[in-house]
Amino acid sequence: MIPAAFPLASRFPALGTTIFTVMSRLAAECGAVNLSQGFPDFQAEPALFDAVHRAMAAGRNQYAPMAGMPELRTAIAAKVATLYGIAYDVESEITVTAGATQALFTAIAACVGPGDEVIVFEPVYDSYGPAVTTVGGRVRHSRLGVPGYRPDWDHVASLINPRTRLIIVNSPHNPSGSLLSVGDLDALADLVRDTGIVILSDEVYEHIAFSAPHASLCAHPELAARSLVVSSFGKTYHITGWKVGYVVAPSTLTAEFRKVHQFNVFTVNTPAQLGIAEYMADPARHLGLAAFYREKRDRFRQLLAATRFELLPCDGTYFQLARYDAISDLPDRAFAEWLARRIGVAAIPLSAFYHDGHDDHVVRFCFAKEDATLVEAARRLQALNPGAPVESRP
Ligand SMILES: Cc1ncc(COP(=O)(O)O)c(C=O)c1O
């Protein structure tokens, strides 16, 4: 250990380590089946790796253009046009990013200044708030209604004021698995019409919608004209570790986005971009994702049906929420820790997605796992069934 020359006064004393890191570490430490962090435990297809290898072997290993490889931007433009009926310009409206996280941070930094307000919906993905405060903005929270995790547009309207700069939406929604409908998008459009409010739409689970087609902001012409829409190849192609995503936005917004992008990452891994571009040529690979995860969702729900967890609806994403009131009255963080240590299954306590630690006694399981992993997790969770030995009770 190197001795520190002086104590650094933290700019973010309230920020700790993300719950995802904490739970994954705990899972490793106590040998728990890790259904906490949102990543698959199965492989992507060899065709994707072959495409990246080919790019590397062909010497495509130097800096990509700042906006991303033209091959990938062209493939993104084609996919978005086919799915959502909008033609983003390859040169001026599509930017490849180092995953969705960088796209979100960069978009926030590009749009939000000191004193500006940003509306987010709780439970909220954990990166938005810290990104807003890092650039001096203020987060305003609108709580999604339980059950169903639906937005309350009247409440959102009450938060809007002249300082409101950005509204961040996320559908399919992590952690709840709920979907925004076209009606929700219309309600949002009504609220921001005649304002200078920008919308940042996190659509990393765009291809994992079960109960209705994904309502992308790209497909809503009025909103698309004021939105930055973010997606991630990590979620779509089972390669979360590659950290490649993208943002599409009208050229005026893209120009502002790129002013920040060019100085915080400049460019993204070249061979990975080329490999993904080639792999995208077969649309079945992203169009088949919903059916693939629907099967996993149904299997996981069926495996947990006999436990005392109350399974909440899951209309999209690869997360299943479960209420545990019938098992324990512990607060959710304590329950999740107990579940990992004593039962051997790691989950995320939902209070981690609320700024004030709001606790509905709900945990989030990730079912982007091999069937064998889900079966083993369910086997361990059977210890919580009615009639199970008392020593396994919290
Ligand atoms: C809602 C949401 N947005 C963004 C991300 C980050 O995506 P990426 O890994 O591409 O940075 C995640 C990852 O879990 C997510 O769930």
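Residues numbered from 1 in each chain as written. Predicted model: local features only at pLDDT ≥ 70, side-chain atom pairs only at ≥ 80, totals over all residues. Heavy atoms only, no water.

## Quick word on the overall build of the chain
Put simply, the rule reads: Think of it this way: any DSSP run of H or I at least four residues long counts as a helix, any run of E at least two long counts as a strand, and we number them from the N terminus. We compute the radius of gyration over the C-alpha atoms and compare it with the globule rule, which gives 2.2 Å times the number of residues raised to the power 0.38. When accessible area is computed with a 1.4 Å probe and restricted to protein chains, residues below 20% of their type maximum are described as buried, those above 50% as exposed, and intermediate ones as partly exposed. Any two residues having at least one pair of non-hydrogen atoms within 4.5 Å are treated as being in contact.
If you tally the helices and strands in the chain, you get 15 helices and 13 strands. The C-alpha atoms of the chain give a radius of gyration of 21 Å, which matches the 21 Å a tight globule of 394 residues would have. In terms of its C-alpha atoms, the chain occupies a principal-axis envelope of roughly 65 × 55 × 50 Å. Relative to its full complement of 394 residues, the chain shows a buried share of 54%. Counted over contacts in the chain with a minimum sequence separation of 6, partners at least 24 positions apart contribute 75%.

## Digging into the site of the ligand
Formally: When at least one non-hydrogen atom of a residue lies within 4 Å of a molecule or strand, that residue is treated as near it. In protein, a polar contact means a hydrogen-donor-capable atom and an acceptor-capable atom, both N or O and within 3.5 Å, with residues adjacent in sequence counting only if both atoms are side-chain atoms; elsewhere, any N or O pair within 3.5 Å suffices. Values of accessible area rely on a 1.4 Å probe in the Shrake-Rupley scheme; residue burial ignores everything except the protein chains shown. In this analysis the probe radius is 1.4 Å and the grid spacing 1 Å, with only protein atoms considered; a cavity is a set of points the probe fits into but cannot get out of, a pocket is an open set with protein on both sides within 12 Å along at least five of seven lines, and lining residues have an atom within 4 Å of a point. Being in a pocket or cavity means that more than half of the molecule's atoms lie within 2 Å of its grid points.
As a matter of local geometry, the ligand sits amid 13 residues, with Thr101, Asp202, Tyr205, Lys235 and Lys243 nearest to it. At a separation of 2.6 Å, a nitrogen atom of the ligand approaches a polar side-chain atom of aspartate 202. A distance of 2.6 Å separates an oxygen atom of the ligand from a polar atom in the side chain of lysine 235. Starting from 390 Å² of accessible surface for the ligand in isolation, the protein chains cover 92%. Taken atom by atom, the bulk of the ligand overlaps the second largest pocket.

## Points about the pairing of strand β2 (residues 94-97)
As a reminder of what qualifies: Any two strands with at least two DSSP-identified bridges between them are counted as paired.
A two-sided burial pattern is seen for β2, the buried positions comprising Ile94 and Val96 on one face and Thr95 and Thr97 on the other. Sheet topology note: the β2/strand β8 (residues 245-248) ladder contains four bridges and is antiparallel. Bridge pairing in β8 links valine 96 to tyrosine 246.

## Details of the environment of isoleucine 168
Structurally, isoleucine 168 is set in strand β5 (residues 164-170). For the pair isoleucine 168 and leucine 228, spaced 60 residues apart in the sequence, the C-alpha separation amounts to 9.6 Å. Not counting chain neighbours up to four residues away, the residues in contact with isoleucine 168 comprise Ile108, Val118, Ile119, Val120, Phe121, Tyr128 and Leu200.

## Thoughts on helix α2 (residues 46-57)
This is how the line gets drawn: By this rule the span expected of a helix is its residue count minus one, scaled by 1.5 Å. The arc in question is the one spanned by the directions pointing from the helix axis to the C-beta atoms.
In this model α2 runs 16 Å from its N-terminal to its C-terminal C-alpha over 12 residues, within 8% of the 16 Å that 1.5 Å per residue would give. Those residues of α2 that sit buried are Leu48, Ala51, Val52 and Ala55. In a view along the axis of α2, the buried residues occupy a sector of 95°, so they form one face of it. Opposite the buried face of α2, at more than 90 degrees from it, the exposed residues are Pro46 and Ala57. One or two residues past the end of α2 sits glycine 59, with phi positive at roughly 85°.

## Points about the sheet that holds strand β3 (residues 117-122)
The criterion, for reference: Think of each axis as a best-fit line through the C-alpha atoms, taken over the contacting stretch in the case of a helix, with angles from 0 to 180 degrees between the N-to-C directions.
In spatial order, the strands read β2-β8-β7-β6-β5-β3-β4; together these seven strands make up an open sheet with mixed pairing. Both edges of this open sheet fall to β2 and β4 (138-143), since each of them pairs with a single strand only. Neighbour-to-neighbour, the strand axes of this sheet turn through a mean angle of 20°, independent of strand direction. Sheet topology note: the strand β7 (residues 227-232)/β8 ladder contains four bridges and is antiparallel. Opposite valine 229, over in β8, you have valine 248 as the bridge partner. The sheet strands contacting helix α3 (residues 70-84) are β2 and β8, and the helix crosses β2 at an angle near 115°.

## Side note on empty space enclosed by the protein
Test applied: Grid points are joined across faces, edges and corners, and a volume is the space filled by probe spheres set on the points. For this classification, Asp, Glu, Lys and Arg are treated as charged, while Ala, Val, Leu, Ile, Met, Phe, Trp, Tyr, Cys and Pro are nonpolar and the rest, including Gly, are polar.
Summed over the entire model, instances satisfying the criterion amount to three cavities of 30 Å³ or more. Along the wall of the largest cavity there are 18 residues; nearest its centre are Phe121, Leu144, Asn170, His173 and Leu180. A per-element tally of the lining of the largest cavity places β5 first, with three residues. Along the lines of polarity and charge, the residues of the lining of the largest cavity split into 12 nonpolar, five polar and one charged. By volume, the second largest cavity amounts to about 40 Å³.

## Brief notes about the sheet that holds strand β9 (residues 310-311)
The antiparallel open sheet is built from four strands, whose spatial order is β9-β10-β13-β12. Taken across any chain shown, the strands that pair with only one partner, and hence form the sheet edges, are β9 and β12 (348-349). Bridge count for β12 against strand β13 (residues 362-366) is two bridges, and the pairing is antiparallel. Within β13, the residue paired with proline 349 across the bridge is valine 363.

## Topic: helix α15 (residues 371-381)
Every buried residue of α15 is listed here: Thr373, Leu374, Ala377, Ala378 and Leu381. The buried side chains of α15 occupy one side of the element, clustering within an arc of 130° when seen end-on. Opposite the buried face of α15, by more than 90 degrees, sit the exposed residues Ala372 and Arg379. Check the buried side of α15 and you find it contacts β1 (33-34), α13 (289-304), α14 (332-343), β11 (345-346) and β13.

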